[in-house]
Amino acid sequence: MNFLADTHIHTLASGHAYSTIDEVLREASRKGTELIAITDHTSGMPGGAHDFYFMNLRILPKEMYGVKILTGAEVNIIDYEGNIDASQELMRAVDMVIASLHPPCIDFSDEQTLTKCIEKVMENPLINIIGHPGDTRYPLDFERIVKKAKATGTLLEVNNASLKPDSFRPGVRESLVTMLGYCKQYDTEVVVGSDAHIFFEVGELSESYNLLKELDFPAELVMNTNSDRLVSFISEKRLK
Ligand SMILES: [Zn+2]
Ligand SMILES: [Zn+2]
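Residues numbered from 1 in each chain as written. Chains lettered and ligands numbered in written order. Predicted model: local features only at pLDDT ≥ 70, side-chain atom pairs only at ≥ 80, totals over all residues. Heavy atoms only, no water.

A few words on the coordination of the zinc ion (ligand 1). Bound to the zinc ion (ligand 1) on the protein side are Glu-74 (OE), His-102 (NE2) and His-132 (NE2), at distances that span 2.1 to 2.2 Å. Separating the zinc ion (ligand 1) from the zinc ion (ligand 2) is a gap of 3.3 Å, bridged by Glu-74, which donates to each. Here Glu-74 is found in strand E4 (residues 67–76), whereas its partner His-132 is found in the loop between strand E6 (129–130) and helix H5 (142–152), with 58 residues between them in sequence. Just as Glu-74 is buried, His-132 falls in that class too. (Donors = N, O, S within 2.8 Å, 3.2 Å for Na, K, Ca; no water. Helix = DSSP H or I, 4+ residues; strand = E, 2+ residues; numbered from the N terminus. Buried < 20%, exposed > 50% of the residue type's maximum accessible area, 1.4 Å probe, protein only.)

This is the structure:
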C-alpha cells in the first residue's frame, strides 16, 4: 500500500498553523507526494481564514514543483442540525471540502445527537470528507456513519495527527478500529490525511499506514493509493 496523496493540510491562513503554501508544496515534492489538498480552517474557528481567502484560491496553479494541488477548506459544523460555517459559494469555489467537529465551534454531545448531525452533513453534496471522525469526545455510531458515507459518496478520514502518541484526541485508535471494521464490512472508502499544521508534517501518514496495515485493510478502499481515482471520486459527489 503506497500513499500518494495528502488531503488535509493547513497553512498560515488557518491562524494556528505555521507554514506557507510554498513551503507545503516544496515538502510534498521532496517526499514524492503526487497530490495535496490545502484545507485551511474557515472563519468559525478563531483565527480561521476569511471567506475571500477561499474564493481567491483559484489563482493557484494546478501543479507546483511537480505536485498536483486541490484547493479546499476544512469547514466547522456549528450545530446538531448539520449546519456549517461556510456558504455554498465558498464551498463551490474550492475543489473539495472537509467538514469537522471542533471545539469551540460546537459543544460535545451524545452519540445519538452527533450521529444524526454527521448523517445530515454527509447529505450535503459539496462536502467530501468527514474530518477526524475518530475523535471520541464526539462519539458516533459508526455502523450508521459508514453506511451513510457509502450511500452519499462521502469519505471518512483516518486522521494521522490524531493517531500520534502526543495527540490531544484520546482513544482515537480504538474508535478507528471500530470504524474501519465497518468500512471493510460495507466496502466503504476512506481517505488518510496528515492534518499538517507545519510543513514537515505534510505527507507524513505513517501512523495511519501502520494501523491500516495491522488491520489488513484493503488498499482499494484507501483513496490515497490512487490520486486520479481520488480526484474523480471527489468530483463525482459534487456533480450530483
Ligand atoms: Zn480538524
Ligand atoms: Zn485540520
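Right, picking up where we left off after that structure.
Let us look at the packing of aromatic side chains. Taken as a whole, this structure holds five aromatic pairs when the rule is applied. Centre to centre, the rings of Phe-3 and Tyr-209 are 5.5 Å apart; their planes meet at 75°, and the pair counts as edge-to-face. Linking Phe-3 in the segment before strand E1 (5–9) with Tyr-209 in helix H8 (residues 206–214), this pair joins segments that are 206 residues apart in sequence. On the basis of relative accessibility, which here comes to 24%, the residue Tyr-209 falls in the partly exposed class. Measuring from ring centre to ring centre gives 5.1 Å for Tyr-53 and Phe-54, while their planes differ by 90°; the resulting arrangement is edge-to-face. Judged by relative accessible area, Phe-54 falls into the buried class, the value being 0%. (Phe/Tyr/Trp six-rings, centres within 6.5 Å; stacked < 30°, edge-to-face > 60°.)

Glancing now at the side chain of Thr-152. Note on placement: Thr-152 falls in helix H5. Looking at Thr-152, the relative accessible area reads 14%, which means it is buried.

Packing of H5 against helix H7 (residues 172–185) leaves a shortest axis separation of 9 Å and a crossing angle of 45°. Between H5 and H7, the interaxial angle falls into the category oblique. The crossing of H5 and H7 is right-handed. Here H5 contributes Phe-142, Glu-143 and Val-146 to the contact with H7, which in turn contributes Ser-175, Thr-178, Met-179, Tyr-182, Cys-183 and Gln-185. By residue class, the composition of the contact of H5 with H7 is five nonpolar, three polar and one charged. (Axes fitted to C-alpha atoms, helices over the stretch in contact; angles between N-to-C directions. Parallel < 35°, antiparallel > 145°, perpendicular 65-115°, else oblique. Left-handed = near helix turned anticlockwise from the far one by under 90°. Contact = heavy atoms within 4.5 Å. Nonpolar A, V, L, I, M, F, W, Y, C, P; charged D, E, K, R; others polar.)

Moving on: the coordination of the zinc ion (ligand 2). Distances from the zinc ion (ligand 2) to its protein donors, namely His-8 (NE2), His-10 (NE2), Glu-74 (OE) and Asp-195 (OD), fall within the range 2.0 to 2.2 Å. Coordination at the zinc ion (ligand 2) comes from four donor atoms whose angles at the metal span 80 to 170°, giving a geometry best classed as irregular. Each donor residue of the zinc ion (ligand 2) lies on one chain, and together they are spaced H-x1-H-x63-E-x120-D. (Tetrahedral: all angles 85-135°; square planar, octahedral: opposite > 155°, others 65-115°.)

The subject of this paragraph is the packing of H7 against H8. Direction vectors running N to C along H7 and H8 enclose 50°, while the axes themselves pass 11 Å from each other. When the axes of H7 and H8 are compared, the pair comes out oblique. The crossing of H7 and H8 is right-handed. When H7 is examined against H8, the residues Arg-173, Leu-176, Val-177 and Leu-180 are found in contact with a partner set consisting of Leu-211, Leu-212 and Glu-214. Classifying every residue of the contact of H7 with H8 gives five nonpolar, no polar and two charged.

We now examine the environment of Gly-82. Mapped onto the secondary structure, Gly-82 falls in the loop between E4 and helix H3 (88–93). For the pair formed by Gly-82 and Lys-120, sequence separation is 38 residues and the distance between their alpha carbons is 5.3 Å.

Right, let's get into the pairing of strand E8 (residues 190–193). Here E8 shows a buried face lined by Val-190 and Val-192 and a second buried face lined by Val-191 and Gly-193. Where strand E7 (residues 155–159) lies against E8, four bridges are found, and the strand directions are parallel. Note on E8: the bridge partner recorded for Asn-159 is Gly-193. (Pairing = 2+ DSSP bridges.)

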